Amino acid sequence: MIATLQCTVLDCPDPAALAAFYGRILGWRVDDSDPEWATLTAEDGRRLAFQLAPDHQPPRWPDPAYPQQIHLDFDVDTIEDAERAQQELIELGATFLHDSGGERSGFRVFNDPAGHPFCICYGQT
């Protein structure tokens, strides 16, 4: 091993707002926040950070001309949980993009408020 992962960082136009969005999804706390950087931390120490990118150009999933570059997958147990999550995510400012259509397992794709795609996966654990 050469190193350990410190955190995953997403570029965005408003770090504090995007940290708050993902903090609501994960139940993690915002530790650091200023106009250029915000960090979410889980109780077990995992971290997700957000960095100011004033000229951020969001990906356009699934358009390969604007590749997603990175995306996050979140797990819920059942399709019913995914349906509840979808409503809550839209209320938080996410945009629904795609449903894989699986009856027992599958995923739903969303954009976060800064345009990054992410998935709610169900029936996969």
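From a predicted model like this one, the values you see are computed outputs, not experimental measurements.

### Concerning the UniProt feature "domain: VOC" (unreviewed entry) in the chain
Reasoning step 1: The UniProt record annotates "domain: VOC" (unreviewed entry) at residues 4–123.
Reasoning step 2: With 22% helix and 37% strand, the stretch residues 4–123 has end C-alpha atoms that lie 30 Å from each other.

### With respect to the pairing of strand E6 (residues 95–99)
Reasoning step 1: By the bridge criterion, four bridges tie E6 to strand E7 (residues 106–111) in an arrangement that is antiparallel. For Asp99, the partnering residue across the bridge sits in E7 and is Arg108.
Reasoning step 2: From the end of E6 to the start of E7, which pair antiparallel, there are six residues, and Gly101 there has a positive phi angle of about 85 degrees.

### Brief notes about the side chain of Thr41
Reasoning step 1: Checked against the element boundaries, Thr41 lands in strand E3 (residues 37–41).
Reasoning step 2: Of the residues examined, Thr41 reaches a relative accessible area of 7% and is grouped as buried.
Reasoning step 3: A polar side-chain atom of Thr41 sits 2.5 Å from a polar atom in the side chain of Asp31.
Reasoning step 4: Every residue in contact with Thr41, bar those within four places of it in the chain, is listed here: Trp28, Arg29, Asp31, Arg46 and Arg47.

### A closer look at the pattern of salt bridges
Reasoning step 1: Counting across every chain of the model gives five salt bridges.
Reasoning step 2: One salt bridge in this structure joins Glu83 and Arg108, with 3.8 Å as the shortest N-O distance. Placement of Glu83 in helix H2 (residues 79–92) and of Arg108 in strand E7 is noted, with a sequence separation of 25 residues between them.
Reasoning step 3: Given a relative accessible area of 38%, Glu83 falls into the partly exposed group.

### So, the sheet that holds strand E1 (residues 8–12)
Reasoning step 1: The strand order E1-E4-E3-E2 describes an open sheet built from four strands, whose pairing is mixed. Pairing within the sheet leaves two strands with one partner each, and these edge strands are E1 and strand E2 (29–34). Sheet twist, expressed as the mean angle between neighbouring strand axes with direction ignored, is 15 degrees.
Reasoning step 2: Bridging between E3 and strand E4 (residues 47–52) involves five bridges; their strand directions are antiparallel. Paired with Thr41 across the two strands is Arg47, which belongs to E4.

### A few points about the side chain of Thr39
Reasoning step 1: Looking at the element boundaries, Thr39 is found in strand E3.
Reasoning step 2: The buried category is assigned to Thr39, whose relative accessible area is 4%.
Reasoning step 3: Here Trp37 takes part through its side chain, which lies 2.8 Å from a polar atom of the side chain of Thr39.
Reasoning step 4: Setting aside anything within four residues of it in sequence, one finds Thr39 in contact with Arg29, Val30, Asp31, Asp32, Arg47, Leu48 and Ala49.

Definitions and limits used
- Residues numbered from 1 in each chain as written.
- Predicted model: local features only at pLDDT ≥ 70, side-chain atom pairs only at ≥ 80, totals over all residues.
- Heavy atoms only, no water.
- UniProt positions renumbered as here; feature names shortened; annotations may be inferred.
- Helix = DSSP H or I, 4+ residues; strand = E, 2+ residues; numbered from the N terminus.
- Pairing = 2+ DSSP bridges.
- Buried < 20%, exposed > 50% of the residue type's maximum accessible area, 1.4 Å probe, protein only.
- Polar contact = N/O pair within 3.5 Å; in protein donor to acceptor, adjacent residues only side chain to side chain.
- Contact = heavy atoms within 4.5 Å.
- Salt bridge = Lys/Arg side-chain N within 4 Å of Asp/Glu carboxyl O.
- Axes fitted to C-alpha atoms, helices over the stretch in contact; angles between N-to-C directions.

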